[in-house]
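Tertiary structure, described
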Amino acid sequence: MGELDGKVALITGGTEGMGFAAAKLFLDEGATVVISGRSQQKGAKALKKLVRHGKVAFVRGDVSKASDAKRMVATAVRRFGRLDIVFNNAGIYLEKEAENTCEEEWDRVIDTNVKGTFLVSKYAVPQMKKQGGGSIINNSSDAGLVGNRSCPAYCASKGAVTIMTKAMALDYAKYNIRVNCVNPAVIDTPMLDREVRRSSDPGMYLKMSHEMQPIGRIGRPEEVAHAVLFLASDESSFVTGASLSVDGGSTAQ
């Protein structure tokens, strides 16, 4: 028996990084999984790998658009008959100080990270109510708990996700819908790879990323995925409104 036998999960941003790792783990634990992403090419590539682990589907879409968010939820329900778990993982990062951040960049970060999480949850909740419960897990960040340097837009977005998680947990507890978030620090993902390549000194950027964590290294996507699995499963049936740090001790300082 897997932890998620018989359950259907929607994972946004599921084509790579933490979302992909969670999709693979969920499948291995018996869930049926729908992943979403903006790239059809990445979706096809992820699907080819994930189909070896279980029943999985891909839906192309942008979480910041209401029609796409609604379609992601509708696809899961239409294809597989229900929706038990949502992992709002889709997100983007921007490393710029406030004076150098243009309005369009600010809007893009907030729209993806905050509005996207809101929209997918908005359309998932009615289905979960109908079923008698569910679990929503939002991917926040250590930057959703403490300030980080040179990324005010990202910090603002993840701070909003953390507190929105707690507010939604209070609203939906009476419907047996649990809402929690994970708060990872630096994780070895394609998003980190892109930031490393953009930096003026990639080697130093990566070295500092490791040294910033009290545990002495950056995290792995699979380590976040296991935290998400706990929050998605019945093992966490008395946990709602929580922000679970997966950060090598960075926010304990």
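The notes below deal with the structure included here. (Residues numbered from 1 in each chain as written. Predicted model: local features only at pLDDT ≥ 70, side-chain atom pairs only at ≥ 80, totals over all residues. Heavy atoms only, no water.)

Some words on the overall build of the protein chain
Operational definition: Every helix listed is a DSSP run of H or I at least four residues long, and every strand listed is a run of E at least two residues long, numbered separately from the N terminus. Computation of the radius of gyration draws on C-alpha atoms alone. For the globule rule, the value is 2.2 Å times the number of residues to the power 0.38. Any residue under 20% of the maximum accessible area for its type is buried, any over 50% is exposed, and the rest in between are partly exposed; the area is computed with a 1.4 Å probe on protein chains only. Working definition of accessibility: Shrake-Rupley area with a 1.4 Å probe, residue cover restricted to the visible protein chains. In this tally, Asp and Glu contribute negative charge and Lys and Arg positive charge; neither His nor the terminal groups of the chain are included. In this description, the location of a charge corresponds to atom NZ of lysine, CZ of arginine, CG of aspartate or CD of glutamate.
Broken down by element type, the protein chain carries eight helices and seven strands. In terms of C-alpha radius of gyration, the protein chain reaches 17 Å, essentially the compact-globule figure of 18 Å for 253 residues. Dimensions of the protein chain, computed from C-alpha atoms along their principal axes, come out at roughly 50 × 40 × 35 Å. When burial is assessed residue by residue, the protein chain has 51% of its 253 residues classed as buried. Of the roughly 12000 Å² of accessible surface on the protein chain, a fraction of 52% belongs to carbon and sulfur atoms. Taking the 33 positively charged and 28 negatively charged side chains of the protein chain as two groups, their mean positions are separated by 8 Å.

Quick word on the side chain of Thr112
Selection criterion: Any two residues whose heavy atoms approach within 4.5 Å are treated as being in contact.
Its location among the elements puts Thr112 in helix α4 (residues 103–131). Accessibility expressed as a relative area gives 8% for Thr112, which makes it buried. Beyond its immediate stretch of four places on either side in the chain, Thr112 contacts Val63, Ser64, Ala90, Gly91, Ile92 and Thr117.

Observations regarding the packing of helix α6 (residues 190–198) against helix α7 (residues 202–211)
Operational definition: For every element, the axis is a line fit to its C-alpha atoms; helices are fit only across the contacting stretch, and the angle between N-to-C directions ranges from 0 to 180 degrees. Here the angle decides the label: under 35 degrees means roughly parallel, over 145 means roughly antiparallel, 65 to 115 means roughly perpendicular, and every other value means oblique. Here a crossing is called left-handed whenever its near helix is offset anticlockwise from the far helix by less than a right angle, and right-handed whenever the offset is clockwise. Under this grouping Gly is polar, as are all residues other than the nonpolar Ala, Val, Leu, Ile, Met, Phe, Trp, Tyr, Cys and Pro and the charged Asp, Glu, Lys and Arg.
The geometry of α6 relative to α7 is characterised by a closest axis approach of 7 Å and an angle of 135° between their N-to-C directions. Comparing the axis directions of α6 and α7 gives the class oblique. Here the hand of the crossing between α6 and α7 comes out right-handed. Between α6 and α7, the residues in contact are Leu192, Glu195 and Val196 and Pro202, Tyr205, Leu206 and Ser209, respectively. Here the contact of α6 with α7 is composed, by residue class, of five nonpolar, one polar and one charged.

Re the pattern of salt bridges
Put simply, the rule is: We define a salt bridge as a contact between a side-chain nitrogen of Lys or Arg and a carboxyl oxygen of Asp or Glu at a distance within 4 Å.
A complete count under the given rule lists 10 salt bridges for this structure. A salt bridge links Arg194 to Glu16, with the nearest nitrogen and oxygen atoms 3.5 Å apart. Highlighted residues: Arg194 in helix α6 and Glu16 in the loop between β1 (8–11) and α1 (17–28), separated in sequence by 178 residues. The class of Arg194 is partly exposed, set by a relative accessible area of 29%. For Glu16, a relative accessible area of 24% translates into the label partly exposed. Taken together, the shared-partner salt bridges connect Glu16, Lys42 and Arg194 into one network.

A word on the sheet that holds strand β6 (residues 177–184)
Note on sheets: strands pair through backbone hydrogen bonds, and any given pair is parallel or antiparallel. Selection criterion: For two strands to be treated as a pair, DSSP must find at least two bridges joining them.
Strand order across the open sheet formed by seven strands is β3-β2-β1-β4-β5-β6-β7, with parallel pairing between neighbours. The sheet terminates laterally at β3 (56–60) and β7 (243–246), the two strands that pair on one side only. Strand after strand, the sheet turns through a mean of 20° between neighbouring axes, direction not considered. Here strand β4 (residues 85–88) runs beside strand β5 (residues 134–139); their pairing, made up of four bridges, is parallel. Of the residues in β5, the one forming a bridge with Ile85 is Ser135. The strands touched by helix α2 (residues 40–50) are β2 (32–37) and β3; relative to β3, the strand with the most contacts, the crossing angle is about 175°. Across the face of the sheet, helix α8 (residues 221–232) comes into contact with β4, β5, β6 and β7 while running at roughly 165° to β6.

Description of the environment of Ala31
Structurally, Ala31 can be placed in the loop between α1 and β2. In sequence terms Ala31 and Val56 are 25 residues apart; their C-alpha atoms lie 8.9 Å from each other. In contact with Ala31, not counting residues within four places along its chain, are Leu4, Lys7, Phe26 and Lys55.

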